[in-house]
Every structure is written in C-alpha cells, then in structure tokens.
Amino acid sequence: MDFPILTLLTFSPVLATAILLFIKNDQEVVLKNVAFLSSLAIFLLSLPLYFSFENKAGMQFVESYSWIPAFGVNYHVAIDGISLFMVLLTTFLTPIVILASWNAVSKNLKGYLVSMLLLETGILGVFVSMDLFLFYVFWEVMLIPMYFLIGIWGGENRIYAAIKFFLYTITGSLLMLVAILVLYFYHGGLTGEYTFNILKIQQIHIPLGYQTWLFLGFGLSFAIKVPLFPFHTWLPDAHVEAPTGGSVILAGVLLKMGIYGFLRFCFPLFPSAIEQFTPLIFILAVIGIIYGALVAMVQPDLKKLVAYSSVSHLGFVMLGIFALNNQGVQGGLIQMVNHGLSTGALFLIVGMLYERRHTRLIADFGGLAKQLPVFTTFFMIITLSSIGLPGLNGFVGEYLILLGIFLNNKVYAVIAATGVILAAVYMLQMFQRTMFGKLDKKENQNLRDLSKREIAVLLPILAFIIFIGVYPNAFLKKMEPTVEALIQTVKDKQIVSLNPEKDLAFKNILNDEENK
Amino acid sequence: MIDYVWLIPLFPLIGFLINGLFGSRFKENHIGTIASAAIGLSFIVSVTIFFQVLQLPASERSISRIIYTWIQTGDFQVNIGFLIDPLSLVMLLVVTGVGFLIHVYSIGYMHGDRSFARYFAYLNLFTFSMLLLVLADNFLLLFVGWEGVGLCSYLLIGFWFENNDYADAGRKAFVVNRIGDFGFLLGMFLIFQHFGSLNFNAVFSQAPEVLTTGLATAICLLLFLGATGKSAQIPLYVWLPDAMAGPTPVSALIHAATMVTAGVYMVARCHVLFLSSPFVLNLVAIIGICTAFLAATIALVSNDIKKVLAYSTISQLGYMFLACGVGAFGAAIFHVSTHAYFKALLFLSAGSVMHALGNETDMTKMGGLRKKLPITYRFFLIGALALAGVPLFSGFFSKDEILWKAASSPFGGFWLWFAGAAVAGLTAFYTFRLIFMIFHGRSRVSKEVATHIHESPKIMTVPLGILAVLAIVGGYIGIPHIFNKFEHFLEPVFTRYVHGEILESTHDLPSLELGFMGISILIAFLGIGIAYIFYVARPNLADEVAGKARGVYLFFCSKWYVDEVYDTIIVRPIKLISDLVLWRWLDIKVIDGFVNQIAHVIGKGSDILRRVETGVIQNYALSIVFGAVVLIGYFLLRQ
C-alpha cells in the first residue's frame, strides 16, 4: 500500500466543498471556477488509475484500516477491472456537468455546486468500497445530494419527483440492509470472524434457500436503480424534473450503480440464485429493451424520450452481464461507459436547447439544423452513437452484448436485436423533428449556435465516443482478467452449490444465532 | 505497394476530415479539388496494386494485411484487416474509378449550393466506408463499411433537410436498412458460434467441415436478409425509390453504381456458404427475378425520370441476384461493374437534363430535347443502349451472360431464363420510353423554362464522356469465349474454397449459347420497337392502352401498394399500441398507478392512525391500562 490515491480521490470533492463554504454566496464566478477547477483536478488525479492499473484480476490500489473494530467494520477501498471505469466515468463527467451548469443555475449556486461535489464523493465511495458497511454508508449518502438536486433545482413538479426517487430507492436499500446484516451474522457464525469485508464473505458458501432471499434483498435494490422493468417509473419523472446536471449524473453514473451492485455482490455471493433468476432477469431485460424503445418512440418531450431510451439501453446491459460469458459481461461493462457518455451527452444537448428555448417539447422545434450548424453536428454524432453506429462507441457494447446473449440463448438475442432497429426509429425520428424540416417557428429563428464553453462541454465526450468506437481494446484489455475471474468464480460456485449437505450446516448456524 | 493498401481508404477519410471540419471556410473549387483528389489518389493506388497483383500467379492472388486488433474479448477477436483478391480489386476499381468521375461531375452540378462543403465531406465519407466494405477481411469490418455507407446514404438522401419529405426519405432508408442489418448481425453471431471466427479466410476454409445444410441455410437466410436491405430487393426494396430525393450525382454513385451493389458483393464473397444451401440459393434466384419483374413493371409507367432509373436499378440488382442464385457469381460481379458504368452514365445524364431544365424531373414536361442538349442526348443514348441490352454495348454482354447461366447452370432452369428474358424486354421498353419521352417528339417544356435550357459545362460533360466510353467497352473484357478475361481473373476467388464440378456449366455447347443470345437480342429490339411505336410513331397509343387496362395501369402506378400495406399493417399499429396501450395505459396507469396507489394507501393509513393521537391525556392513560391488562392476561394464561 503506497499512495492512498483512492481515499484522496473519494474525499477530494469534500475538500473542495470546504473551500466553497469560505466563499461568499454572491461571488458566483469564483464559486464556479473553484468547483470546476477542483473537479477537473480530481479527474486528472484519477488518470493514473488507468495508466498504472495492471491487466490482471484481483483488487488493486488497496487501502484497508480498521474503523469500528468491535463490529468488524473496516475502511477498505480498492478497485478492480469492473470498478476502474466506473470511477473514471464519474470523475470525467463531474467537471463536464459543472461546466455545463455555468449559466443554468441561478438559485443558490453554492448549494448546487456543493451538492454536485458531495454527490461525486458518494458515487466514488460506492464504487471503491470493499466493505459492506462502508458501501452501505456511501450508497445512502449519495441519495441526499441527489434528492436536493432534484427537489431544489428541478422543474415544476420537482417535489413529487424527488420524493418518488427517494422512496423508490430507500425501499430497495432497506431490504438490502437486512440482507447485509444476515450476511454479516452468517459469516460470523460460520467462521467466528464477524466482518463486513466483501472479499472474505465471498469465500464462504451460502446455501441455496438463503441465496434466494438474500439475492432478492440485494437484487431489488439494484433492479430499482438500474432500472429494470417494471421498476422504472421513477426514472422518467426524476429525469424530467431534474436540472440538466442532475440528469447527466443520474443517467451517466447513478444508474450504473445498480449494474455494478449485481456484478460486485450478487454474482460472487449468490451464484446459485443467479442461475435461478437468470431466466426471469432475461425476460424483464428484454421487455425493458422493447418496451423502453416503443414508449420512447411516442414521447412528445425530449427528456422523457431520452429517459425511456435509457430503460431500453440498460435492458441491454442487464442482458449482457447475465449472459455470463466474456462477450456479454465485457460488452455490458463497456456499454455502461458508452451509455454514460452518449446519454449523458444527450441530456446535455437537451439542456442546451432548454436554456435557449425554455421548452423541451419536440413539437416546439423543427428546422434547427439551418440555424445551429455546429450544434447539429454534435447532436448528430451523439445520436448515431446512441443508435449504435459502427465506428462509434455504442456499437462495440451492443454488439458484444448481443453476441454474448446469442451464445447463451438465441431467442432472447433475436428479440433484443430488434431493439437495434427500434433505436434507429425513435432516435432518428426525434432528430428529424427537432433539427430537420422548415425553420418555421419564429422563436427558433434567432437562436445562437454553441458557445465556446458549450463546445468545451461536448468535445471531450465526443472524443471518447470516437475513441472507444475505433480502439475499444484500450478498455476491454483492462477489464478482461477481472471479468474472466468473476465468471469463473460464479460458474465454479454454481457447481458446488449442487451439494445439499452444506445447506444443513447453514441452518444449524442460524439456529445457533437465534438461541443466543 | 500492397503493404500500403491502407492508403486507399485513408485518402477519402482525410478528405472527409478536411472538408468536414474546415470546408465552410474554403472556396468551392478548393473543396471540390480536395475531395476529388482524395478519390483520385485512392484510384491510383488501387490501379497500382491491381497491376502488382496481376504479376502474381493466379493461386497467390489473395493477400491479407492486418492493421491492428480492433476488438478482443475471450476467444472473440476481430482485426482491422484488409483483403486483396481479384474480387475486392474489381470492386475497388469500380468504386474509386466511377467515384472519382462522379466527384468531378458534382463540382459542376452542386455549384452554388449553400452546403457545398458538407456535400463533398459526405461524399468522401461514403467512399471511405464503401472502400472499407470491399476491403474488409472479416465480416465485422465489412459490417462497419456496410453501416457506414448506410449512414452516408441517409445523410445524402436528406441532404436538403429543410424539405421534410426528403428527410423522411432518408430516415426510411436508414430504418429499412436496419431491418436488413438485423439479419446480418444474427448471421454473424451464428457464424462466430460455429466457426469461432469472423475472418473470411478462417470461415470459408472451415466451411466444408463445419457446415451442415441446416446451418448453412440459417446463416445464408440471415445474411441474405441483410443483402435485401442494402441491395433493395423484395421485401426491403421500398427505400430506394424514395432515395431519389438526394442530389442526382448521389443517386448515381450511391444508389446505382456502388452502395446498392454491396449486397451482391457480400453474397458473392460468401459464395462458399451459399453454395452449401441449395434452398437459399434458389430463394436468392427467385427473389432476384421477382424483384426484377416487379421493379420493371413500375418503371414502365412512372413519369419521373429519376424514379424510372431507380426502379431500373432495383430491377438490374434483381438480375445480379439471379446470377448469384444460379451460382454464377462471376457473372453477377461482371454485371455489377458494367451496370456501374452505364447506370452512373444514365443518372448523370439525367442530372444534366435536370440541370438544364431547372431541376425538372417530370418527363411529361420534357420532350424534343435532342436538339437543345445534343451532347447529353448522345451520352444518354449510349447508356440506354447498354441498359436495354443492345449488342456491342456493355450491358448486353453481362446481361446475356446472366441469362445464359440462368438457363444452363445446374442451379438454373428454363423458367428462370424465360422470366429473365421477359424482364429484358420490359427493360428495353422502359429505357427507350425514357429516351423518346425526354428527347424525341414535340416539346412539352413550359416557355419560361425553355428559354433557360443550356448544355452542361465541361466539368460535367467530360466525366459523362469517360463513362460513356466505359459503358461501351466495359463489356468486352468479359465476352464469353472470345476474351473472357474477367471471368478468368475472378475465377480463383470462386474456386478457392469450392472444389469439384458445382460451378461447371455446359460451356461446350456454344451453338446453344448463341441461340439464347439471339433470342435476347431479338427481345431487346422488340422492346425498343414497341417503345418507338408507343411514344414516337403513335403518341396516343400509350394513353389508349393505359385507359383500356386501367386497373393494371393504376396498380403499377401505385407501386403495387406495397408502401401502403407496410404502413397499415406494421408502422401504424406499432405507433398506436406504443402510444395508447404501452405508454398511456400500462406505464402511467398500471405500473406507476400501482406505485402511487401504495403511497396513497400508506398516506391514508397514517391519516387514520393519526386520529389516535388525540392529545387528551385520559385517552392515553386508558390505552396504557388496557394494554397492561392484555399483556398480564396473556402471560397469566400462558402459564
């Protein structure tokens, strides 16, 4: 353990927040600059993670200290090939979001920036925690700034959306808390060591009957976050009401925490339950793909359209990781990054339109391409990335996912692949209705094209959209060993759990617990 | 030079980047020069490589060059790699050669357009994608080019995006192609699952061991679905006629000469797979000939000059698939190349006519233009003669080769030949209907337009001239029994993995072949003759016939109502169900309603419970006593 880079990364936003608190509320430019530059610095600080990450399985950049020894709680952070890109995506999107909110937020700017930075800490914490207790703390902490972002800086119906978001999420996480405690006591009873260390808990075998319930406890929480059909109805509301920055972070990284949770906890801990639930998840994911796409197709509101398209895209990701082969899981992982970039960028685009016209209804636009050529170019490429055009990032993810699921189950692959057609339908329809046709609405005739700041917001995303499309191996190589090891673990354990004697041992331990 | 094959797609890519990023600041001439030079350089490299490959012995004319590893996960690996063999070389020469001429022509045609730079950037991007498509050494890279050309097609059809109909046409093209791509994707998955690779060489060389008839049928059906999308065959041809919304040179390059032949190229490339499934092979032939017939009937009655050419393209692509379906892949590629010359020539000549008439495409407003546009007339006529299959012009040789193979191949048969010959008659008729309606008879041009009629500038007519030469001589390299260079050049490609007598046709009966040739010549002249009677000798006859066979005429005019049927049974129901059932009912009412109901019930429940909190101390005291009694009672009874 040398340089505590993960700790530094996770808590730097808090440090930046502390600086912000010393600046007066009315010094908006200073506030913005401090927030932006510190988030940029955090991104630069996170880059060494990529470059010194070794292409192998197992945890890297490990830091572990005892925190509450009495309960076996540790401050234990580390990353592997799965979390690496989630961390990088988070540090990458935060400065972009702050830069994008430059003129959009007028009410209580300092509070907004503080919320954003605290949100970053919460999210990073979730991705690096290797201790269940620590994980749960970050998981809940992250809710609070997001709740405020929607509830204070949101649109008209923001309170409804914020509460809905909060309740949905908290329902899931309470069940997860129960599951975490069961795991804790079970591991303690079996081994005598009471710990929240995920890596240690992973090593024991959990009997099938309990796997099912524990999986449901964790899984429901993650399924809501993803969101998996039919737990998705908080998403359109939250997105529509959230400010642009909130939507970008929500779509870009928050949703990924659900997928990440499945990979980090459910797969290694409950492999037999995974086997048992895979058919159901496949069905829900495929429904989500088609359903999200069809509903997106008929949305009159740009943000709602993008929100429903997220349901469709994340259905793909779920399908990929549950295919449980190299192609599927890596495709899923890279698609998480892609979705963060493309959908994040789409929300930025919608936000830019909203700042100009104060409407998000598709019918209020039309023919903008003539007035906004630079904007159109960005919008077009991002749309194509979302559709999965080869040469851009989305294709690599979608292709690997579909290949993975095809090797696992052809029927779902065929149904899911129709989602690729539908994506072209709804995205191009939206693009055409806003950008093409006659520029006949008076309000649209004097819109100004992108400013330098706005180009600076979109350009880095665009660069990665192209880079991942042309050279995805730069990402795939880093995640491959971890993914391979994970798949191996899950498959090995699935074979072991066919042995029923161990189930008996587990029941005895739980009885002992009760008798105490 | 072969090691520098990557230069071929690189030049257009650079051209695209320069014009795409900075083009708006350049003058028209510079933009046009950059774009054309990019393609010209690719052409030169292609020609050089072509001659180098010619030096090699026939068996060594298949060279792979890997640039880098693109995607690798587990045992799935795909390279950015290029394959040079006679098949890809023919396509390279056609794409860069014809592409270069059309770029040059476009400088004149697009003169004064507000988005001149954008046009050339797209055109270069298209060429780049098309070159990737034909150079790819594996299915996935081919698919990159495949989707890339689809994108450019979308962008160029909707080039004048302020017209919503044009933008619609572009979107339709993209979505319909996506349906085909769906098949292509699944076909690729199936290939990878069974072959463990997507590399052409690896797949084709393993084919005999791996393929069962069932597997070959499944793979080929899926791949062919992709081909029907890109190459506009039944059932996915509907996008191509609408694609004429784009600028005319685009129609020439993308929607006639190059992109739409990608499906034919792909089938020819995968001939090993298709030959393993006689069922799909038959299907390809039948779909091909049916499409050829259907499109020709619509071309008979259309009055829009570009639409006629578009349907004619669909029809000619049908011939190419007919050739593939009877196992005559060499003939199919031969027709790809001759068609590229004469159809590009026809479209560009049509463009020249439109240019002269202020973008008029309605033939009923033309007539008698022969004298006013003498150069264009001559070139148009050469193209028409080639298309109609008049002897000594290129189209004759390639079409005749296909018809002969349809009759003589072990996969062919009399009826395929007969249908092909009948469509050839229709082709000759509608082609010369075009000529007569545009250039002959009395002028129907309105007076204002008539005063502005002018011949096109040199920058447009010179490329036309070169294409005209190609449309004449392009066929001679492939004349059976005399030169036959073309087939010999391609032969190693189609015999590399396929051994035995599968493709041996009865070449030892030249007299029979000459007999068939005689019949098709007769049919061509018959078609032209009837067109002459209808549109020159007795101009009223066409209307009379249309009046008598009103039902059929309207049926053809309405394009067999295919668009309407698709709209009614697919497009509208999906939209309605998505809107009313899925969104407004299931999502809002059922799922979200349920969630809100839970919140509502909890809220109501709390409301009731709240009443317990009366604030009156006596009530609380009473509850405490009551509770205590119950508890004590419980414990007492338990003991």
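Note that this is a predicted model, so its numbers are computed, not measured.

Right, let's talk about the overall build of chain A for a bit. Secondary structure assignment for chain A yields 21 helices and two strands. Taken over C-alpha atoms, the radius of gyration comes to 23 Å for chain A, in line with the 24 Å a tight globule of 516 residues would show. In terms of its C-alpha atoms, chain A occupies a principal-axis envelope of roughly 75 × 55 × 45 Å. Counted over contacts in chain A with a minimum sequence separation of 6, partners at least 24 positions apart contribute 81%. Roughly 16,900 Å² of accessible area belongs to chain A as shown, and the carbon and sulfur atoms make up 66% of that amount. The averaged location of the 30 negative side-chain charges in chain A is 9 Å from the averaged location of its 32 positive side-chain charges.

Below, the discussion takes up the pattern of salt bridges. Overall, the coordinates contain 21 salt bridges over all chains when judged by the stated rule. The network of salt bridges with shared partners includes Lys172, Asp242, Lys559 and Asp563 of chain B.

With that out of the way, let us pick up the interface of chain A and chain B. Counting residues at the interface gives 61 residues for chain A and 48 residues for chain B. Summing both sides of the interface, chain A and chain B together bury roughly 4,900 Å²; the carbon and sulfur share of this comes to 69%. Of all residues in chain A, Tyr399, Ile421 and Gln432 of chain A give up the largest surface area on contact with chain B, accounting jointly for 13% of the area buried on that side. Where chain A packs against chain B, one counts two salt bridges. One salt bridge in this structure joins aspartate 592 of chain B and lysine 164 of chain A, with 2.6 Å as the shortest N-O distance. Linking chain A to chain B there are 23 residue pairs in polar contact (both at pLDDT 80 or more). Take the side of chain A that touches chain B: its biggest share by element is 15 residues, from helix α18 (residues 410-435) of chain A. Along the lines of polarity and charge, the residues of the side of chain A that touches chain B split into 40 nonpolar, 13 polar and eight charged.

Structurally, glutamine 202 of chain A can be placed in the loop between α8 (198-201) and α9 (208-225). When sequence neighbours within four positions are dropped, the list of residues in contact with glutamine 202 of chain A reads Arg264, Pro268, Leu269 and Lys493 of chain A.

Looking now at the environment of serine 302 of chain B. Residues and elements named next belong to chain B. Within the fold, serine 302 resides in the loop between α13 (278-301) and α14 (305-325). Each C-alpha atom, one on serine 302 and one on leucine 426, is 13 Å from the other, the two residues being 124 residues apart in sequence. The contact partners of serine 302, leaving out residues within four places of it in the chain, are Lys307, Val308, Met363 and Arg433. Within the structure, serine 302 has its side chain in polar contact with the backbone nitrogen of aspartate 304 (distance 3.3 Å).

Quick look at the side chain of serine 46 of chain B now. For serine 46 of chain B, the location among the structural elements is in helix α2 (residues 28-55). You can call serine 46 of chain B buried: its relative accessible area is 0%.

So, about the confidence of the model for chain B. Of the residues in chain B, 97% reach a pLDDT of 70 or more, and the chain-wide mean stands at 87. Here the prediction assigns the complex a pTM of 0.91, and the interface score ipTM is 0.89.

This next bit is on the pairing of strand β2 (residues 73-79) of chain A. Residues and elements named next belong to chain A. For β2, the buried fraction is high: seven of the seven residues fall into the buried class. Of the two faces of β2, both are covered, the one formed by Val73, Tyr75, Val77 and Ile79 as well as the one formed by Asn74, His76 and Ala78. In this sheet, β2 lies alongside strand β1 (residues 60-68) in antiparallel orientation, the contact comprising six bridges. In the strand pairing of β2, glutamine 60 is matched with isoleucine 79. Taking the residues between adjacent antiparallel strands as the criterion, β1 and β2 are bridged by four residues, where glycine 72 takes a positive phi near 70 degrees.

With that settled, consider a nonpolar patch on the surface. Residue and element names in this part refer to chain B. Judged by side-chain polarity, Leu554, Phe555, Tyr561, Val565, Ile569, Ile570, Val571 and Ile574 come together as a nonpolar surface patch covering roughly 650 Å² of accessible area. For the nonpolar patch, the elements supplying multiple residues, two or more each, are α24 (550-557) and α25 (562-610). It is α25 that contributes the most residues to the nonpolar patch, five residues altogether. Looking at where valine 565 falls in the secondary structure, it is placed in helix α25.

So, about the environment of phenylalanine 61 of chain A. Looking at the secondary structure, you find phenylalanine 61 of chain A in strand β1. A C-alpha to C-alpha distance of 35 Å links phenylalanine 61 of chain A and leucine 167 of chain A, two positions 106 residues apart in sequence.

Procedures and definitions
- Residues numbered from 1 in each chain as written.
- Chains lettered and ligands numbered in written order.
- Predicted model: local features only at pLDDT ≥ 70, side-chain atom pairs only at ≥ 80, totals over all residues.
- Heavy atoms only, no water.
- Helix = DSSP H or I, 4+ residues; strand = E, 2+ residues; numbered from the N terminus.
- Rg over C-alpha atoms; globule rule 2.2 N^0.38 Å.
- Contact = heavy atoms within 4.5 Å.
- Areas by Shrake-Rupley, 256 points an atom, 1.4 Å probe, with all protein chains shown as cover.
- Lys, Arg positive; Asp, Glu negative; His and termini not counted.
- Charge placed at Lys NZ, Arg CZ, Asp CG, Glu CD.
- Salt bridge = Lys/Arg side-chain N within 4 Å of Asp/Glu carboxyl O.
- Buried area = accessible area lost by both parts, 1.4 Å probe.
- Polar contact = N/O pair within 3.5 Å; in protein donor to acceptor, adjacent residues only side chain to side chain.
- Nonpolar A, V, L, I, M, F, W, Y, C, P; charged D, E, K, R; others polar.
- Buried < 20%, exposed > 50% of the residue type's maximum accessible area, 1.4 Å probe, protein only.
- pLDDT = per-residue confidence, 0-100.
- Pairing = 2+ DSSP bridges.
- Patch = residues over 30% accessible without salt bridge, like charges linked within 9 Å, V, L, I, M, F, W, Y side chains within 5 Å.

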